[in-house]
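# Overview (structure and organization)
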Amino acid sequence: MESTNRAGQTPILTVRDLKMHFPVKNNEGLLGGRQIVKAVDGVDLDLYAGETLGLVGESGCGKSTLGRSIIRLTRPTAGSVLFQGTEMATIGERQLRPFRRKLQMIFQDPYGSLNPRQTVGTIIKTPLEVHGLAKGKEKERVQDLLARVGLNPEHYNRYPSEFSGGQRQRIGIARALAVEPQVIIADEPVSALDVSIQAQVINLLNALRRDLGIAFIFIAHDLGVVRHFCDRVAVMYLGKIVEYGPKHEVYERPRHPYTQALLSAAPDLNVVRGVPPKEHIRLVGDVPSPIDPPSGCRFRTRCWKAQAICAEQEPVLESRDDSAQDHRIACHFPAQLEGLTAAV
Amino acid sequence: MLVYILRRLASAISVVLVTIVISFGLFFVAPSDPAGMLCGVKCTPARVAEIEKSLGLDKPTSEQFALYMKGLVVGRTYESGGVTRECPAPCLGFSFKNDQPVLGTLIARLPVNLSLVFGAALIFLITGVTVGSLAAKRPGTTGDRALVGTTLLMSSVPYYIIAILVFLYLVIQVPILPRPAYVSPFQNPGAWIAGMITPWLVLGIYSSTSYARYSRGSMIESLSEDYVRTARAKGLSDRRVTFVHALRAAITPVMTIFGLDVAGLLVSSIFTEKIFGLQGLGITALQSLTNYDLPLIMGTVIVGAVVLVIMNFIVDVLYSVLDPRVRLV
Amino acid sequence: MSAAVNEAAHSAAHTPAGGPRPSRRPSHKGQDEAFLVVDDLSVQFPTEDGLVKAVQNVSYSLPLGRTLAIVGESGSGKSVSSMAIMGLHDPKRTIITGSISLGGEQIVGRSQDDMRKIRGQVASIIFQDPQSSLHPYFTVGWQLREAYREHHQVSKSVAHTRAIEMLDRVGIPHPKRRADQYPFEFSGGMRQRAMIAMALINDPQLIIADEPTTALDVTVQAQILDLLNDLQAEFGSAIIMITHDLAVVAEVADDVMVMYGGRAVEHGTAEQVLVRPNHPYTWGLLQSIPAVSSEQAELYPIKGNPPSLLSLPPGCSFAPRCPYVDRVPDGKCRTDLPELISRSAGDHGLSRCHLSNPDAIFAAEVEPRIA
Ligand SMILES: Nc1ncnc2c1ncn2[C@@H]1O[C@H](COP(=O)(O)OP(=O)(O)OP(=O)(O)O)[C@@H](O)[C@H]1O
Ligand SMILES: Nc1ncnc2c1ncn2[C@@H]1O[C@H](COP(=O)(O)OP(=O)(O)O)[C@@H](O)[C@H]1O
Ligand code: SF4
Ligand code: SF4
Ligand SMILES: [Mg+2]
Ligand SMILES: [Mg+2]
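Residues numbered from 1 in each chain as written. Chains lettered and ligands numbered in written order. Predicted model: local features only at pLDDT ≥ 70, side-chain atom pairs only at ≥ 80, totals over all residues. Heavy atoms only, no water.

## Structural notes on the overall build of chain A
Within chain A, the regular secondary structure consists of 11 helices and 12 strands. The C-alpha atoms of chain A give a radius of gyration of 21 Å, which matches the 20 Å a tight globule of 344 residues would have. Taken along its principal axes, the extent of the C-alpha atoms in chain A is 65 × 60 × 45 Å. The buried share of chain A, reckoned over its 344 residues, is 58%. Within chain A, contacts between residues separated by at least 24 positions form 66% of all contacts whose residues are at least 6 apart in sequence. Looking at chain A as shown, the accessible area adds up to about 13700 Å², and 47% of this sits on carbon and sulfur atoms. Each charge class in chain A was averaged separately, 43 positive and 38 negative side chains, and the resulting centres sit 5 Å apart. (Helix = DSSP H or I, 4+ residues; strand = E, 2+ residues; numbered from the N terminus. Rg over C-alpha atoms; globule rule 2.2 N^0.38 Å. Buried < 20%, exposed > 50% of the residue type's maximum accessible area, 1.4 Å probe, protein only. Contact = heavy atoms within 4.5 Å. Areas by Shrake-Rupley, 256 points an atom, 1.4 Å probe, with all protein chains shown as cover. Lys, Arg positive; Asp, Glu negative; His and termini not counted. Charge placed at Lys NZ, Arg CZ, Asp CG, Glu CD.)

Set out below in structure tokens:
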């Protein structure tokens, strides 16, 4: 795939130092205090037209929050999101309107994200009407879309409850496609689906990307799916990106200890089919709270390579002399490790 | 925990204060003519003015309120017709109607409601929860259907009709049940029970059906919880699974309703009091309203607010004891 | 690691901290005498919509020290079949036929009182969601104590010591303090460890783990799978691992049974089933799952949706989705239920498919991913 060299291309979406902090209440003190959950705490990303960027990390590390603040489902606390040169993070709701249709989101839960009292036709037609698209020909357009996502155009008048999980996910995809978006943020779009259905949906997304040139930010916890679907990968830990680069680099030459641990922990079919991995890295404990993240490197409480400097200085996400130029790692000791996964 | 209690206390006091201000506004400022009512048919304007003066109603409202609050906090003295009367804090004043101290009147009536609630709540909580839990274990069986049917039937017949029927037939016509009357349990416990048993049974059994329904719903939910399955997988007996594991979780929401019900019954159980001829707070409140006896009205409102706030507090504490996740930091 | 003295780091037994750790892949152990023998087990639920045939004619045996993975999509009957071993189905609403023998004792048809002695003592189960499977209102120590005292006549303090010992064994730091805490004070991974401690407190010979890591993150999943593996090595218990994730199967299983629509469709050793599958469904699954360790150009999904257990098609239940129906003469797939038998020469498992030479057919397909 073409992703490695991006020289000269301008990204369609540029995220800089994006922060999303949530105030939460606690019960301490006479009046109760407020604490800040730093769900996303300074993220830089670039997304190029037509490419797919995978976002992986453990539960609660801020993947969904990042996705939601990029498309302004929540208003980010700080930072910038440039979409084709326009600052989206700070503009008002009204100026945002025209951009809403260019950036769409697909959700994990194919049950909760569709209104059970609306027909499939209405669900997909609504965004068309909101944005004044396909005037007078809405029904045809919806039926085209249904066919596009592999559903029967005759399903127009049915209700979501009459569909299986995989089919509902297709309806969600059709709704996102209706407004001809340029970027789709897919938040765990296959996690809730049965194994045999996942591949159907992944292939559908792949076809959309190929045929329509839509760029994806693909949030997932299944490292195999991300490796298959994405051009580049960003690994998140506690609200920050710790490793970021073309998927070949990240999967074959991971340099951040956390990425290495993730890859080593991921269950792998090839363990029976090929040569089992040489290294086994097991992290201890759990992810610390995003309310009061560790000083310096946030991963240091679980990192087996942590030194004094890791507690004092936050490592910068940058490429190294001996790494590919667009492979960035946020670690003071970013060494390569061999044999983390099975070899086929 | 201490901080939590202090915070709750602060909010409780402010609730009571707001209640006082609002009801003071409603009853004292709103156009009304208590002096005229007291004065009777053969009334002269001079006489009215005289009464107003003796009641303090001639003063500006703000001053009346200040005096009232002062009475509540430090007590005050009343002068009328040359007689000076001490009214120690918390002073709720004297009844317009019979000149008795309001606080004394209310305190004298509270035990009636306390007794009523004590017995009835014991009956409806225990029978309600037990019957509900048993029904929940076999939803859809004959016993369960009978329970659901009965509670539906009960909730469609108003409580006062049942109470009147019981009183007419089982107390008067065929005297199976003793005639209700309040005797202090400290004077004569036997007479106390005998005097209260009829309202206890009527109120207790009537309310137990709705408790059976709450507990049934709550139990059905908790019996299907994963942790109940875990309990069974440990090899525990059916009884232990139901009454330790499932009931423990099911009882918490029931307790919340229970707390509010008890609070409600404490300040007013008008039908029970009226039908069974017991002089409780509900009746007092009713009478004070018909007489436009302002101090008594204010008194019942304040006592009611205080009781509700206290019960709410108890429910909260109880809740945190029952559910460790609701931590009182 | 200056401030890195977070409590988890204390569990030295689980702190390979970058150091190499032996692979989890099992060596072929056990294999001799079967401890659990399930024979022709069927479980049906009469419901308002009709009879749900959740499990039909499932047979397998499992010796001590060995791990059987039962894999299949949701609703394929994995949990129902293993709940039958624990006798956890409501006898009034379930029809169970066939036989289950656990350490020589017959289980089907036993009274609830008899089953209580087996549950938690001879066989234990670990459920998917550790959040909801522990009682929220009792301390973890209380719940472990209760499990121990149910099967041992000991004092509270003896049981408490045992509970702390088990919490320590499953790698919970500060077990003494943790025993007095409530489940909500534990993280997801620690809760699952506590569940495992509770399941193992009476030294059961059979452990059923029903999707024990589905609700957990990969790094925690790896910890839990390692833990189960270590415990099995130590106590020699038989494990039934229920999962929908073939990659997890590859990591932990000695034997694999693939279920589809309530029936076992393929059954063999992990290598037989995952490397040389003989059933189109297994083959389809393998073709549709991207592995983390290899690049895959194309996924080949299985078309259609899983069947409804209320109206299974006659013949092979996979027929409506199977790309090979036409390769079987006389439309037999749609009329005759295939038997679960050996289908190809060579080292293959049993499969429930009419194809006479599935091995050769799959091998000739799109560039197979397998070496
Ligand atoms: N509205 C909110 N208020 C307070 N905290 C929040 C809010 N939304 C998210 N968080 C917190 O922010 C952090 C990141 O949440 P987010 O949902 O982005 O995680 P995620 O990476 O998508 O996780 P998952 O893999 O479980 O979906 C979590 O700690 C979460 O509890
Ligand atoms: N008590 C029950 N009554 C009716 N149907 C049930 C009951 N328990 C399970 N089933 C059905 O049996 C089938 C198999 O369930 P299960 O074994 O839990 O699937 P899984 O393979 O996902 O573990 C499902 O279709 C489920 O709906
Ligand atoms: S900066 Fe230090 S603590 Fe952080 S990942 Fe690198 S080595 Fe580990
Ligand atoms: S029996 Fe027929 S339909 Fe069933 S799996 Fe085999 S080939 Fe496919
Ligand atoms: Mg998320
Ligand atoms: Mg299951």
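## A few points about the sheet that holds strand β12 (residues 350-352) of chain C
Residues and elements named next belong to chain C. Read from one edge of the open sheet, 8 strands run β6-β7-β8-β3-β9-β10-β12-β11, paired in mixed fashion. Across the chains shown, the open sheet's two edge strands, defined by having one partner strand only, are β6 (123-126) and β11 (340-342). When strand polarity is set aside, the average angle formed by the axes of neighbouring strands in this sheet is 20°. In terms of strand pairing, β6 meets strand β7 (residues 206-210) through 4 bridges, oriented parallel. Opposite isoleucine 125, over in β7, you have isoleucine 208 as the bridge partner. Set on the sheet, helix α1 (residues 78-85) makes contact with β3 (67-71), β7, β8 (238-243) and β9 (255-260); between it and β8 the angle comes to about 150°. Contacts between helix α7 (residues 188-200) and the sheet are confined to β6 and β7, with β6 contributing the most and set at about 170° to the helix. (Pairing = 2+ DSSP bridges. Axes fitted to C-alpha atoms, helices over the stretch in contact; angles between N-to-C directions.)

## Quick notes on a nonpolar patch on the surface
A cluster of nonpolar residues, Tyr160(B), Ile161(B), Ile164(B), Leu165(B), Leu168(B), Tyr169(B), Leu170(B), Ile172(B), Val174(B), Ile176(B) and Phe271(B), forms a patch on the protein surface that exposes about 970 Å² of accessible area. Among the structural elements, Ile161(B) can be located in helix α7 (residues 159-173). (Patch = residues over 30% accessible without salt bridge, like charges linked within 9 Å, V, L, I, M, F, W, Y side chains within 5 Å. Salt bridge = Lys/Arg side-chain N within 4 Å of Asp/Glu carboxyl O.)

## Considerations on the interface of chain C and chain A
On the side of chain A, 50 residues touch chain C, which itself brings 67 residues to the contact. Between the two partners, chain C and chain A, sit 3 salt bridges. At the junction of chain C with chain A, the criterion picks out 18 residue pairs in polar contact (both at pLDDT 80 or more). Those elements that place two or more of their residues in the side of chain C that touches chain A are α7, α8 (218-235), α9 (246-252), α10 (270-275) and α11 (280-288) of chain C. (Polar contact = N/O pair within 3.5 Å; in protein donor to acceptor, adjacent residues only side chain to side chain.)

## Brief notes about the site of ligand 1
All names here are of chain A. As a matter of local geometry, ligand 1 sits amid 14 residues, with Ser59, Gly60, Lys63, Ser64 and Thr65 nearest to it. Interatomic distance of 2.4 Å between a side-chain N/O atom of threonine 65 and an oxygen atom of ligand 1. Compared with its free state, where it exposes 640 Å², ligand 1 has 63% of that area covered by protein. Elements supplying a minimum of two residues to the shell around ligand 1: β1 (13-25), β2 (34-47) and α1 (63-70). In terms of residue count, the dominant contributor to the shell around ligand 1 is α1 (3 residues). The class makeup of the residues in the shell around ligand 1 is 6 nonpolar, 5 polar and 3 charged. (Near = heavy atom within 4 Å. Nonpolar A, V, L, I, M, F, W, Y, C, P; charged D, E, K, R; others polar.)

## Details of the nonpolar core
Buried together is how nonpolar side chains tend to be arranged in soluble globular proteins. Among the nonpolar cores identified, the biggest contains 76 residues, and Leu36(C), Tyr60(C), Ile85(C), Leu144(C), Ile196(C), Leu206(C) and Ile240(C) are the most heavily contacted of them. For this core, the element with the highest residue contribution is α7(C), accounting for 8 residues. Excluding its chain neighbours within four sequence positions, the residues that come into contact with Leu144(C) are Ala163(C), Met166(C), Leu167(C), Ala194(C), Ala197(C), Met198(C) and Ile201(C). By size, the runner-up hydrophobic cluster in this structure holds 71 residues, among which are Ala121(B), Phe124(B), Ala231(B) and Leu322(B). (Core = buried A, V, L, I, M, F, W, Y, C linked by side-chain atoms within 4.5 Å.)

## A word on the interface of chain C and chain B
Contacts between the two partners involve 31 residues from chain C and, on the opposite side, 23 residues from chain B. Here chain C and chain B share 2 salt bridges between them. A salt bridge links Arg240(B) to Glu146(C), with the nearest nitrogen and oxygen atoms 2.6 Å apart. Scanning the region where chain C abuts chain B turns up 13 residue pairs in polar contact (both at pLDDT 80 or more). Contributions of two or more residues to the side of chain C that touches chain B are made by α2 (112-118), α3 (130-133), α4 (140-151) and α7 of chain C. Examining the composition of the side of chain C that touches chain B, we find that 6 residues originate from one element, α4(C), more than from any other. Residue classes in the side of chain C that touches chain B are distributed as 15 nonpolar, 7 polar and 9 charged.

## Remarks on the side chain of Glu266(C)
Residues and elements named next belong to chain C. Take glutamate 266: it is sitting in strand β10 (residues 263-269). There is no salt bridge for the buried glutamate 266, and the closest opposite charge comes from arginine 276, which lies 9.2 Å off by N-O distance. Separated by 2.7 Å, the side chain of glutamate 266 and the backbone nitrogen of asparagine 278 make a polar contact. Apart from the residues lying within four places of it in its own chain, the contact partners of glutamate 266 are Val256, Met257, Val258, Val273, Arg276, Pro277, Asn278, His279, Thr282, Leu340, Leu350 and Ser351.

## Points about the layout of surface pockets
Taken as a whole, the second largest pocket holds about 870 Å³ of empty space. As for the second largest pocket, its lining consists of 27 residues, of which Lys137(B), Arg138(B), Arg232(B), Asp238(B) and Asp90(C) are closest to the centre. For the lining of the second largest pocket, the elements supplying multiple residues, two or more each, are α5 (102-137), α8 (189-223), α9 (226-233) and α10 (238-267) of chain B together with α2 of chain C. Of the residues contributing to the lining of the second largest pocket, the split by class is 10 nonpolar, 5 polar and 12 charged. (1 Å grid on protein atoms, 1.4 Å probe; cavity = no way out; pocket = protein on both sides within 12 Å on 5 of 7 lines; lining within 4 Å. Points joined across faces, edges and corners; volume = space filled by probe spheres on them.)

## A look at helix α9 (residues 257-265) of chain A
Here α9(A) lies mainly inside the structure; 9 of its 9 residues are buried. Of the residues making up α9(A), those classed as buried are Pro257(A), Tyr258(A), Thr259(A), Gln260(A), Ala261(A), Leu262(A), Leu263(A), Ser264(A) and Ala265(A).

## Points about the environment of Lys117(C)
Residues and elements named next belong to chain C. Note on placement: lysine 117 falls in helix α2. For the pair lysine 117 and histidine 151, spaced 34 residues apart in sequence, the C-alpha separation works out to 7.3 Å. In this structure lysine 117 touches Val122 and His151, once residues within four positions along its chain are discounted.

## Here we look at the sheet that holds strand β2 (residues 50-63) of chain C
Residue and element names in this part refer to chain C. Judged by pairing direction, the sheet is antiparallel, and its 4 strands sit side by side in the order β2-β1-β4-β5 without closing on themselves. This sheet does not close on itself; its edge strands, each paired only once, are β2 and β5 (105-106). Pairing geometry for strand β1 (residues 34-47) and strand β4 (residues 95-102), over 7 bridges, is antiparallel. Note on β4: the bridge partner recorded for valine 37 is serine 101. The strands that α1 touches are β1, β2 and β4; relative to β1, the one it contacts most, it runs at about 115°.

## A short note on α1(A)
Residues and elements named next belong to chain A. By the criterion of burial, α1 is predominantly enclosed, with 6 of the 8 residues buried. Residues of α1 that are buried include every one of Lys63, Thr65, Leu66, Gly67, Ser69 and Ile70, and no others. Once α1 ends, the next one or two residues include arginine 72, with phi positive near 65°.

## Topic: the packing of aromatic side chains
In total, this model carries 25 aromatic pairs over all chains according to the counting rule given. With a centroid separation of 4.6 Å and 50° between ring planes, the pair formed by Phe218(A) and Phe229(A) is classed as tilted. Taken together, the positions of Phe218(A) in strand β8 (residues 215-219) and Phe229(A) in helix α7 (residues 223-229) put the pair 11 residues apart, joining distant regions of the chain. The residues Phe218(A) and Phe229(A) share a single accessibility class, namely buried. Ring geometry for Phe24(B) and Tyr68(B): centres 5.8 Å apart, planes at 55°, overall tilted. With a gap of 44 residues between them, Phe24(B) in helix α1 (residues 2-29) and Tyr68(B) in helix α4 (residues 61-74) connect regions that are remote in the sequence. The class of Phe24(B) is buried, set by a relative accessible area of 3%. For Tyr68(B), a relative accessible area of 6% gives the class buried. Put simply, the rings of Phe124(B), Tyr211(B), Tyr214(B) and Phe258(B) touch in pairs and so form one group of aromatic residues. Over the aromatic face of Tyr156(A) sits the side chain of Lys139(A), whose NZ or CZ is 4.7 Å from the ring centroid. (Phe/Tyr/Trp six-rings, centres within 6.5 Å; stacked < 30°, edge-to-face > 60°. Lys NZ or Arg CZ within 6 Å of the ring centre and 35° of its normal.)

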